[in-house]
Amino acid sequence: DPSRPMSHYALGLGAVRRGDLVSAEASFRSAIERSASTSDEIFANLHSSLADCLARMGREAEAEAEFRKEIEIVPTSRSGRVGLTMLLRSQGRDEEARAVIGGLVEANPRAGGEDFEAVIRTLQGLGDSEGASRWKARARARYPADPRFR
């Protein structure tokens, strides 16, 4: 159904898989436009998917704005926070990157072990062993019996 945001989102994902980023951008923008008319629903990952597409095309400032929009709409968005963290880290904005990914736990009063693990793995994957170690210590204090944090 062309009136549904998720139809356009699915087309965007397919275009990304094919490597057609121009079509993906258009589909994601259509999904976002249509989602604005359904004010009672929140569609996660629309802005972060557009942001990822823009980043792949080298349009970093636009990508950053879209990642931030995703986080504004869904503060606990993993795709938004991980994507923005990766973008910021690639620009040497390490402290800002740490704050963004840390928000996955800090912006979520019900953050669980999986959220801590996502922060730790993201920082490890980006080569930030110091940041990952700090978060692992926090996770260990909160979940002392969890083997992931030993």
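Each remark here, short or long, concerns the structure printed above.
Residues numbered from 1 in each chain as written. Predicted model: local features only at pLDDT ≥ 70, side-chain atom pairs only at ≥ 80, totals over all residues. Heavy atoms only, no water.

Novice: Any chance you could break down the environment of Asp52 for me, citing the residues and the numbers?
Specialist: Residue position: Asp52 is located in helix H3 (residues 46–56). By relative accessible area, which is 31% here, Asp52 ends up partly exposed. When the C-alpha atoms of Asp52 and Leu21 are compared, they prove to be 9.9 Å apart, with 31 residues separating the residues in sequence. (Helix = DSSP H or I, 4+ residues; strand = E, 2+ residues; numbered from the N terminus. Buried < 20%, exposed > 50% of the residue type's maximum accessible area, 1.4 Å probe, protein only.)

Novice: I'd love a proper account of the nonpolar core, names of residues and values included.
Specialist: Within the largest apolar cluster, 21 residues are counted, with the highest numbers of intra-cluster contacts made by Phe28, Leu46 and Leu84. Of all the secondary structure elements, the ones that give two or more residues to this core are helix H1 (5–18), helix H2 (21–35), H3, helix H4 (60–73), helix H5 (78–90) and helix H6 (94–106). Among residues more than four places away in sequence, those in contact with Leu84 are Glu64, Phe67, Arg68, Ile71 and Val100. Listed in part, the 13 residues of the second largest apolar core include Ile101, Val119, Ile120 and Leu123. (Core = buried A, V, L, I, M, F, W, Y, C linked by side-chain atoms within 4.5 Å. Contact = heavy atoms within 4.5 Å.)

Novice: With reference to specific residues and values, describe the packing of H2 against H3.
Specialist: In helix packing, the relevant descriptors are the interaxial angle and the interaxial distance, both defined with respect to the helix axes. It is the contact of H2 with H3, at a shortest axis distance of 9 Å, that shows an interaxial angle of 155°. Of the possible angle classes, the one that applies to H2 and H3 is roughly antiparallel. As for how H2 packs across H3, the hand of that crossing is left-handed. Residues Leu21, Ala24, Glu25, Phe28, Arg29, Ala31, Ile32 and Ser35 of H2 form the contact with H3, whose own contacting residues are Leu46, His47, Ser49, Leu50, Cys53, Leu54 and Arg56. Broken down by class, the residue content of the contact of H2 with H3 amounts to nine nonpolar, three polar and three charged. (Axes fitted to C-alpha atoms, helices over the stretch in contact; angles between N-to-C directions. Parallel < 35°, antiparallel > 145°, perpendicular 65-115°, else oblique. Left-handed = near helix turned anticlockwise from the far one by under 90°. Nonpolar A, V, L, I, M, F, W, Y, C, P; charged D, E, K, R; others polar.)

Novice: Describe in detail the packing of aromatic side chains, supporting the description with residues and values.
Specialist: One pass over the full model with this rule turns up four aromatic pairs. Note on Tyr9 and Phe28: the rings are 5.8 Å apart at their centroids and 45° apart in plane angle, and the pair reads as tilted. On the criterion of sequence distance, the pair formed by Tyr9 in helix H1 and Phe28 in helix H2 is long-range, its members being 19 residues apart. For the pair Tyr9 and Phe28, one class covers both residues: buried. Ring pairing ties together the aromatic residues Phe116, Trp135, Tyr143 and Phe149, which thus form one cluster. (Phe/Tyr/Trp six-rings, centres within 6.5 Å; stacked < 30°, edge-to-face > 60°.)

Take it as geometry only, folks, not as evidence of what the structure does.
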